[in-house]
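Below, each chain spelled out in residue letters.
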Amino acid sequence: DAKTTQPTSMDCAEGRAANLPCNHSTISGNEYVYWYRQIHSQGPQYIIHGLKNNETNEMASLIITEDRKSSTLILPHATLRDTAVYYCIVISGTASKLTFGTGTRLQVTL
Amino acid sequence: DTEVTQTPKHLVMGMTNKKSLKCEQHMGHRAMYWYKQKAKKPPELMFVYSYEKLSINESVPSRFSPECPNSSLLNLHLHALQPEDSALYLCASSPQAQTVWGTGELFFGEGSRLTVL
């Protein structure tokens, strides 16, 4: 599976959009981009995933560049409850396991 | 019911004790997973069960012994652990026996925090 690069940490003011970048320059054509987050001392939570097109759900939007070498997770109106570690994971369609990288620690502040 | 339930939430044990962690899901999922997470590190896969059979063992020491008695239940038996085994143990499940990424996702429990003295 392709390797991902994420900033170690980011800050965001409450009510503003949080834009979390992920670089995956070696991604293959059959590999998906998944995002999970982990709030302190809880289990990871699925957020969203995509292959080529931009995706949106009730939690977030995922913007994937046309060359698929990078993506951005957007939380449109961040709240204090969005403070967590966000993991960007690239995984092939038939991979047998999900492997987490180091993620981005997002701190939402008042 | 879209939950993965793990018990106990906290466990303290000595190096000579035998204890077990339990994980339960009632979503009809056919794959279940154990992950281990040390402080400030990402979760690391330990075991995968597919249709109640062990399909992946990530070279985990034998002092960790998984068991899948039925499709809803996953246990992790612990014996002769070391202090460095202290961690958050996460259970997860997914709908298909082998998750087809793009259509599936993992559902995680809240974890069992283990301290080995």
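Scroll up a little and you will see the structure.
No experiment lies behind these values; they were computed from the predicted model shown. (Residues numbered from 1 in each chain as written. Chains lettered and ligands numbered in written order. Predicted model: local features only at pLDDT ≥ 70, side-chain atom pairs only at ≥ 80, totals over all residues. Heavy atoms only, no water.)

Caption draft 1: Quick look at the overall build of chain A. The secondary structure content of chain A amounts to 0 helices and 9 strands. Reading chain A from its N end, one meets helices and strands in the order β-β-β-β-β-β-β-β-β. Its C-alpha atoms give chain A a radius of gyration of 13 Å, near enough to 13 Å, the size a compact globule of 110 residues would have. C-alpha extents for chain A along the principal axes are approximately 40 × 30 × 25 Å. (Helix = DSSP H or I, 4+ residues; strand = E, 2+ residues; numbered from the N terminus. Rg over C-alpha atoms; globule rule 2.2 N^0.38 Å.)

Caption draft 2: How the structure looks around the interface of chain B and chain A. Facing the 23 residues of chain B at the interface are 22 residues of chain A. Taken over both partners, the interface formed by chain B and chain A buries close to 1,800 Å², and the fraction arising from carbon and sulfur atoms is 53%. The salt bridge involving K97 of chain A is made with E58 of chain B; its shortest N-O contact spans 2.8 Å. Inspection of the chain B/chain A interface yields 4 residue pairs in polar contact (both at pLDDT 80 or more). Put simply, the parts of the chain that give the side of chain B that touches chain A at least two residues each are strand 4 (31-37) and strand 9 (87-94) of chain B. When its residues are assigned to classes, the side of chain B that touches chain A shows 11 nonpolar, 7 polar and 5 charged. (Contact = heavy atoms within 4.5 Å. Buried area = accessible area lost by both parts, 1.4 Å probe. Salt bridge = Lys/Arg side-chain N within 4 Å of Asp/Glu carboxyl O. Polar contact = N/O pair within 3.5 Å; in protein donor to acceptor, adjacent residues only side chain to side chain. Nonpolar A, V, L, I, M, F, W, Y, C, P; charged D, E, K, R; others polar.)

Caption draft 3: The pairing of strand 6 (residues 61-64) of chain A, seen in detail. All names here are of chain A. Pairing between strand 5 (residues 55-56) and strand 6: 2 bridges, direction antiparallel. By the bridge assignment for strand 6, E55 is matched with L62. Taken together, strand 5 and the strand that follows it, strand 6, pair antiparallel across an intervening segment of 4 residues. Both strand 6 and strand 7 (residues 70-75) contribute to a ladder of 4 bridges, which runs antiparallel. (Pairing = 2+ DSSP bridges.)

Caption draft 4: The layout of surface pockets, seen in detail. Empty space within the largest pocket amounts to approximately 610 Å³. Around the largest pocket, the lining is made up of 26 residues, and of these V85 and R105 of chain A together with Q37, K40 and K41 of chain B lie nearest the centre. Only strand 8 (84-92) and strand 9 (104-109) of chain A together with strand 9 of chain B provide two or more residues apiece to the lining of the largest pocket. The residue makeup of the lining of the largest pocket, split by class, is 8 nonpolar, 13 polar and 5 charged. (1 Å grid on protein atoms, 1.4 Å probe; cavity = no way out; pocket = protein on both sides within 12 Å on 5 of 7 lines; lining within 4 Å. Points joined across faces, edges and corners; volume = space filled by probe spheres on them.)

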